[in-house]
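Residue strings, one per chain:
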Amino acid sequence: MSKGEINGVDTAHLLFARGVVGDTPAAGDYTWRASNEWVHGTHSRTTIGGYFGLGEERAHKSTYQVEADHPLEFNAEDNAATPVEIVLAGLASCLTAGVAAVAENREIKLRSVKATVEADMNIGGILGSDPEVRNGFSDVRVAYQINADEASSADVEALVAQSQKISAVFDILTNPTNVSVQVN
């Protein structure tokens, strides 16, 4: 079986891209974009379509939309997942993509991969009832169920560890990131 036929990840292309970025570091500079518009109440819609990468403006093959809202107990309409749940979906998606890519590169056939992500948060900070409480997550847990052909538990643990190492979203959540906010 050639690369890309085991789990559907074209690792030859990824390795080629790694070489290009290694030879021309500026090719690795990407700017991702999302544009959010308020709908009503706490409901908003984010549109994702274009980004800058490999030295030029690029577009996804489609424009994507992600909606967010808050649950009924926040006196909202619960029209979509909460923003914090979308962050968890991003983490699970990024880590799972990494598992598939690493498994492909190591020629491990995956039968199934399921990531369950949970995060703890005390909303007292957000509501202003306790200024000492952090507004974000206090703890995030990812639990995997992975079924792979002819892979030992050590092999599977190594897939997950390497996935964490290469995950952009894992890095975003576990390391400080500069964020600037302005009003135009």
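Cut-off values and rules
Residues numbered from 1 in each chain as written. Predicted model: local features only at pLDDT ≥ 70, side-chain atom pairs only at ≥ 80, totals over all residues. Heavy atoms only, no water. Helix = DSSP H or I, 4+ residues; strand = E, 2+ residues; numbered from the N terminus. Buried < 20%, exposed > 50% of the residue type's maximum accessible area, 1.4 Å probe, protein only. Contact = heavy atoms within 4.5 Å. Areas by Shrake-Rupley, 256 points an atom, 1.4 Å probe, with all protein chains shown as cover. Core = buried A, V, L, I, M, F, W, Y, C linked by side-chain atoms within 4.5 Å. Expected span 1.5 Å × (residues − 1). Axes fitted to C-alpha atoms, helices over the stretch in contact; angles between N-to-C directions. Parallel < 35°, antiparallel > 145°, perpendicular 65-115°, else oblique. Left-handed = near helix turned anticlockwise from the far one by under 90°. Nonpolar A, V, L, I, M, F, W, Y, C, P; charged D, E, K, R; others polar.

Novice: What is the right way to look at the overall build of the protein chain in this model?
Specialist: Within the protein chain, the regular secondary structure consists of five helices and six strands. Reading the helices (α) and strands (β) of the protein chain from amino to carboxyl end gives α-β-β-β-β-α-β-α-β-α-α. C-alpha extents for the protein chain along the principal axes are approximately 55 × 40 × 30 Å. Scored against the burial criterion, the 184 residues of the protein chain give a buried share of 22%. Considering only contacts within the protein chain whose residues lie at least 6 apart along the sequence, 50% involve residues at least 24 apart. Counting every atom, the protein chain has about 12,800 Å² of accessible surface; 52% of that belongs to carbon and sulfur.

Novice: Please explain the nonpolar core as it appears in this structure.
Specialist: Across soluble globular proteins, nonpolar side chains have a tendency to be buried as a group. Among the nonpolar cores identified, the biggest contains 13 residues, and Val 99, Ala 103, Ile 108, Leu 110, Ile 146 and Leu 159 are the most heavily contacted of them. For this core, the secondary-structure elements that each account for two or more residues are α2 (83-105), β6 (139-148) and α4 (153-166). With five residues, α2 is the single largest residue contributor to this core. The residues touching Leu 159, leaving out its near neighbours within four places in the chain, are Val 99, Val 102, Ala 103, Arg 106, Ile 108 and Leu 110. Counting six residues, the second largest nonpolar core, distinct from the first, contains Leu 88, Leu 95, Val 117 and Phe 137.

Novice: In this structure, what is going on with α4? I would like to understand it.
Specialist: The end-to-end C-alpha distance of α4 is 20 Å, a good match for the 20 Å that 14 residues give at a rise of 1.5 Å each. Residues of α4 that are buried make contact with α2, β5 (110-120) and β6.

Novice: Can you help me understand the packing of α2 against α4 in this one?
Specialist: Helix packing geometry: the angle between the two helix axes and the distance between the axes. The interhelical angle for the contact between α2 and α4, taken along N-to-C directions, is 120°, at an axis separation of 8 Å. Judged by the angle between their axes, α2 and α4 are oblique. With respect to the hand of their crossing, α2 and α4 are arranged in right-handed fashion. Packed against α2, whose contacting residues are Cys 94, Leu 95, Gly 98, Val 99, Val 102 and Ala 103, the element α4 presents Leu 159, Val 160, Gln 162, Ser 163, Gln 164 and Ile 166 at the interface. Partitioned by chemical class, the residues of the contact of α2 with α4 number eight nonpolar, four polar and no charged.

Don't take any of this as a statement about function, it's just geometry.
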